[in-house]
Amino acid sequence: MCVSVFLAFVFSYGFAQDLPHSSHTDSLYEQAFALISADTMKADSLIEKAMHLSQVRKDTLGIIDGYYYKGCLLDHQSHLDSAIIYLEQSRAGYERLKVYNTNLANNYGRLGLLYDKKNQYKLGLEALLKGLSIAVENKQNLSVIRLNNVLAMHHNDYTGNYKQAIAHLNKAEEMAIKEKESMLLGHIYLQYSLSYNLLKNLNEALSYTKKSAQAFQKVKSKYNLARVWLTQAGIFEKMDDVRSLDSVMDKLRPVMTDYTANLQLMAKYEEYRAVSFYMKKEYQNALERALACEKYMRLGGQDRDEQTIRPMLIKLYYLLGMREQGDSLFTRYSTVNDSVFSQHAIASDTEMRSKYNAEQQEKEIELQRLAIKNASIVRTALIGAGIFLLILAAFFLLRAKEKERASAVLTLKNEEIERKNELLVKINAQNETLLREIHHRVKNNLQMITSLFNMQSRRTHSPEALSALNEGRSRLKSIALIHNKLYQQDRLNRVNVQEYIQQLSDYLLGLYQGDESKIAVEVAAEKIELDVDTAVPLGLIVTELFTNSLKYAFTKHEEGIIKIKIDHQDEGYCMEFSDSGEGIPADVDPVHSNTLGLRLVRDLTQQLSGVFQYKNEGKAVFFVRFKEQIV
């Protein structure tokens, strides 16, 4: 069951029982979170692995954790909309389970920043304050520090209340020093720098960047150190100190090669490269870097920031005599600014109208209250009150009886449903046991036939007969291995192709070459799982091609390698089989050969609705493109 369907079921119908939670998945998530800034691909792989384990174990909290860490990864990659979707899913999950852990508080913090980036400042502030409330209430000191820092960021970037930002930072700094958290102190000092920068106290801002750099160097955080240097670059721009700006950019150049996938960081880096060239009047270079900055902002969905680079682009176009491009960009820039102004005006007007309507409604409600009060005096007559009470008593009596009858009917139906569910569970368990027993018996019967082949081969001295018996044994083994794996594993309908082909290859090597074989086998089929109706024909195809290589490809070489690779391709799969042997003679066409083995490969490929192809690239390379068989 996929994660979204499982969560939808859980959130719709509640939880029948406490689901087990694994410390192993927690460890995988922690490793992934630590790698988000350094190796996003590895981090994503660990998150997917942990989520898969949680699904298999039906570990609801583990699945919700997976949504949280996936949202963190997407946030780092500047995929804002996708990050919001994942973080909203995890937030709803934690609150549904009433799990008020640090992940929930930090979840709100990340959502607040993401909504800010999407220009939804009200939602952003609400999320940040909610996260801080949860962290304070549950005494989660580190989350309190982070959220105060993020609230400072909110005021620095969006409200312009820089003194309020500094007030939040004072609280965060005091707690971070007590907790001895160098990493958090680095972030706090960086926000201090931004606050003082915006207050135009550039010397104070620069001193805080130095404190921030020292803190990040202490914990060896290269990514955050790059952020500090970019902040210093902005301060030196305001100081009109191009030499110091160039010095910072020289330090950044080798570092940024590790963060080309971080669109937000790359946009800032290219922006200050453009500023450096502009200050040195190297306008063509400045234009190239400014265009690169605009590209990264556009790819990262940074619509608000993209508007900030356009004034420089407009000036550069005019300075370079590119008037047409300058006019076009100026028109777009003005249109966007007008649109933003209109949106603010509409929002302000809407807010005023809502306030007016609310005041009018309050007046109407007050008048209604007075009217009801006067009417109630009239209705206090004893006769009217007595009749009302009798009617009310009769009504409640009837309602109570109806509820009692409905409750009895509902109880009977629930009991019937529970009995049916119990019966279905028993039938399902019996069917699984029966199917597992069938796989076991099929495997045993095939093993018995193989044993008969073994006995016959010991009494046979004809090389041709021995070869035929070995081929028969290898084909039987390819089928028996599948039934053996299905009998041993939890799932009865899917086969792990990597493990299956590896075991089959080991068996065939032992059968044809013995324990002293120097033939190496490389199998690449990770994350490929097939149903039985597809795995059996595929196993026979591999057996025929493998046997063919062992018999003919290595006649003059004791050492060699056989490679088997299976990938997803379009709506199906592609298997590539190759060996390092002598290759097939040019006058032989394996695709149309009449030998039993290759005829069998062609027939099995057709059974899989596939295509069998061969290429001679100095060695034999076979391709089998096929589709999974759905019964």
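Residues numbered from 1 in each chain as written. Predicted model: local features only at pLDDT ≥ 70, side-chain atom pairs only at ≥ 80, totals over all residues. Heavy atoms only, no water.

Side note on the pattern of salt bridges
Where charged atoms from two side chains of opposite charge come close, those side chains can pair.
Thinking step 1. Counted according to the given criterion, the structure contains 18 salt bridges.
Thinking step 2. Measuring nitrogen to oxygen at the nearest pair gives 3.7 Å for the salt bridge that ties Arg-273 to Glu-270. Here Arg-273 and its partner Glu-270 are both found in helix H14 (residues 263–279), 3 residues apart, which amounts to about one turn of the helix.
Thinking step 3. Linking Glu-270 and Arg-289 is a salt bridge whose minimum nitrogen-to-oxygen distance equals 2.5 Å. Pair noted here: Glu-270 is in helix H14 and Arg-289 is in helix H15 (residues 283–299), with a separation of 19 residues, a long-range link. (Salt bridge = Lys/Arg side-chain N within 4 Å of Asp/Glu carboxyl O. Helix = DSSP H or I, 4+ residues; strand = E, 2+ residues; numbered from the N terminus.)

Some remarks on the sheet that holds strand S7 (residues 620–626)
Two modes of strand pairing occur in sheets, parallel and antiparallel, and in both the strands are linked by backbone hydrogen bonds.
Thinking step 1. Strand order in the open sheet made by the 5 strands is S2-S4-S5-S7-S6, with mixed pairing throughout. At either end of the open sheet lies a strand with only one pairing partner, and these are strand S2 (518–524) and strand S6 (611–616). Mean inter-strand twist for the sheet, computed between neighbouring axes without regard to direction, equals 15°.
Thinking step 2. Of the strand pairs in this sheet, strand S4 (residues 559–569) and strand S5 (residues 572–579) are connected by 8 bridges, and their pairing is antiparallel. Counterpart to Ile-564 in the pairing with S5 is Phe-577. (Pairing = 2+ DSSP bridges. Axes fitted to C-alpha atoms, helices over the stretch in contact; angles between N-to-C directions.)

A closer look at the packing of aromatic side chains
Thinking step 1. Using the criterion set out here, one finds 17 aromatic pairs in the structure.
Thinking step 2. Seen in terms of ring centroids, Tyr-67 and Tyr-86 are 5.2 Å apart; in terms of plane orientation they differ by 40°. Their pairing is tilted. Taken as a pair, Tyr-67 in helix H4 (residues 60–76) and Tyr-86 in helix H5 (residues 80–97) lie far apart in primary sequence, 19 residues in all.
Thinking step 3. Look at Tyr-67 and you get buried, because its relative accessible area is 8%. (Phe/Tyr/Trp six-rings, centres within 6.5 Å; stacked < 30°, edge-to-face > 60°. Buried < 20%, exposed > 50% of the residue type's maximum accessible area, 1.4 Å probe, protein only.)

Quick look at helix H10 (residues 182–198)
Thinking step 1. For H10, built from 17 residues, the straight-helix expectation of 24 Å at 1.5 Å per residue is met to within 8% by its first-to-last C-alpha distance of 24 Å.
Thinking step 2. With 13 of its 17 residues buried, H10 lies for the most part within the structure.
Thinking step 3. Looking one or two places after H10, you find Lys-200, whose phi comes out positive at around 65°. (Expected span 1.5 Å × (residues − 1).)

Regarding the nonpolar core
Thinking step 1. Ranked by size, the top nonpolar core spans 58 residues in total, and within it Tyr-192 and Leu-252 carry the most contacts.
Thinking step 2. Filtering out sequence-adjacent residues up to four positions away, Leu-252 remains in contact with Ala-226, Trp-229, Leu-230 and Tyr-269. (Core = buried A, V, L, I, M, F, W, Y, C linked by side-chain atoms within 4.5 Å. Contact = heavy atoms within 4.5 Å.)

Looking at the confidence of the model for the protein
Thinking step 1. This prediction gives the protein a mean pLDDT of 81; 80% of its residues lie at or above 70.
Thinking step 2. Taken as a whole, residues 1–19 scores under 50 in pLDDT and shows 31 contacts with residues more than four places along the chain or in a different chain.
Thinking step 3. pLDDT under 50 marks residues 340–358. Its contacts with residues more than four places away, or in other chains, come to 0 contacts. (pLDDT = per-residue confidence, 0-100.)

Overview of a nonpolar patch on the surface
Thinking step 1. A cluster of nonpolar side chains, namely Phe-388, Leu-389, Leu-392, Phe-395 and Phe-396, defines an oily patch on the protein surface of about 530 Å² accessible area.
Thinking step 2. The topology assignment puts Phe-395 in helix H18 (residues 382–459).
Thinking step 3. Given a relative accessible area of 45%, Phe-395 falls into the partly exposed group. (Patch = residues over 30% accessible without salt bridge, like charges linked within 9 Å, V, L, I, M, F, W, Y side chains within 5 Å. Areas by Shrake-Rupley, 256 points an atom, 1.4 Å probe, with all protein chains shown as cover.)

What to know about the environment of Arg-323
Thinking step 1. Checked against the element boundaries, Arg-323 lands in helix H17 (residues 323–378).
Thinking step 2. In this view, Arg-323 contacts Tyr-317 and Tyr-318; residues no more than four positions away in its chain are not counted.

A closer look at the pairing of S7
Thinking step 1. Burial analysis of S7 places 6 of its 7 residues in the buried class, the great majority of the element.
Thinking step 2. Inspection of the sheet shows S5 paired to S7 by 6 bridges, in the antiparallel sense. Note on S7: the bridge partner recorded for Phe-577 is Phe-622.
Thinking step 3. Pairing of S6 with S7 involves 6 bridges; the strand directions are antiparallel. Directly across from Asn-616, in S7, lies its bridge partner Ala-620.

Notes on the packing of helix H12 (residues 222–238) against helix H13 (residues 242–256)
Thinking step 1. One can describe the packing of H12 onto H13 by two numbers: an axis separation of 9 Å at closest approach and a directional angle of 155°. Taken together, the axes of H12 and H13 are roughly antiparallel relative to one another. Relative to H13, the crossing made by H12 is left-handed. Facing Lys-222, Ala-226, Trp-229, Leu-230, Gln-232, Ala-233 and Phe-236 of H12, the residues of H13 in contact are Ser-244, Leu-245, Val-248, Met-249, Lys-251, Leu-252, Val-255 and Met-256.
Thinking step 2. Class assignment for the residues of the contact of H12 with H13 results in 11 nonpolar, 2 polar and 2 charged. (Parallel < 35°, antiparallel > 145°, perpendicular 65-115°, else oblique. Left-handed = near helix turned anticlockwise from the far one by under 90°. Nonpolar A, V, L, I, M, F, W, Y, C, P; charged D, E, K, R; others polar.)

A look at the packing of helix H11 (residues 202–218) against H12
Thinking step 1. Across the interface, H11 lies against H12 with an axial gap of 9 Å and an inter-helix angle of 165°. One element, H11, and the other, H12, form an angle in the roughly antiparallel class. Two packed elements cross with a definite hand, and for H11 against H12 that hand is left-handed. Where H11 abuts H12, its residues Leu-202, Ala-205, Leu-206, Thr-209, Lys-210, Ser-212, Ala-213, Phe-216 and Gln-217 lie against Asn-224, Leu-225, Val-228, Thr-231, Gln-232, Ile-235, Phe-236 and Lys-238.
Thinking step 2. Residue composition of the contact of H11 with H12, grouped by class: 9 nonpolar, 6 polar and 2 charged.

Focus on H13
Thinking step 1. An ideal rise of 1.5 Å per residue puts 21 Å on 15 residues; H13 measures up with 20 Å between its terminal C-alpha atoms.
Thinking step 2. Within the sequence span of H13, burial applies to Leu-245, Val-248, Met-249, Leu-252, Val-255 and Met-256.
Thinking step 3. In this structure, the buried side of H13 is in contact with H12 and H14.

Digging into the side chain of Ser-195
Thinking step 1. Along the polypeptide, Ser-195 turns up in helix H10.
Thinking step 2. Sequence-distant contacts of Ser-195, defined by excluding residues within four places in its chain, comprise Asn-156, Tyr-162, Ala-165, Ile-166 and Leu-169.

Here's the deal with the pairing of S5
Thinking step 1. Most of S5 is tucked away: 7 of the 8 residues are buried.
Thinking step 2. Hairpin connection of S4 to S5: 2 residues between the antiparallel strands, including Asp-570 at a positive phi of 55°.

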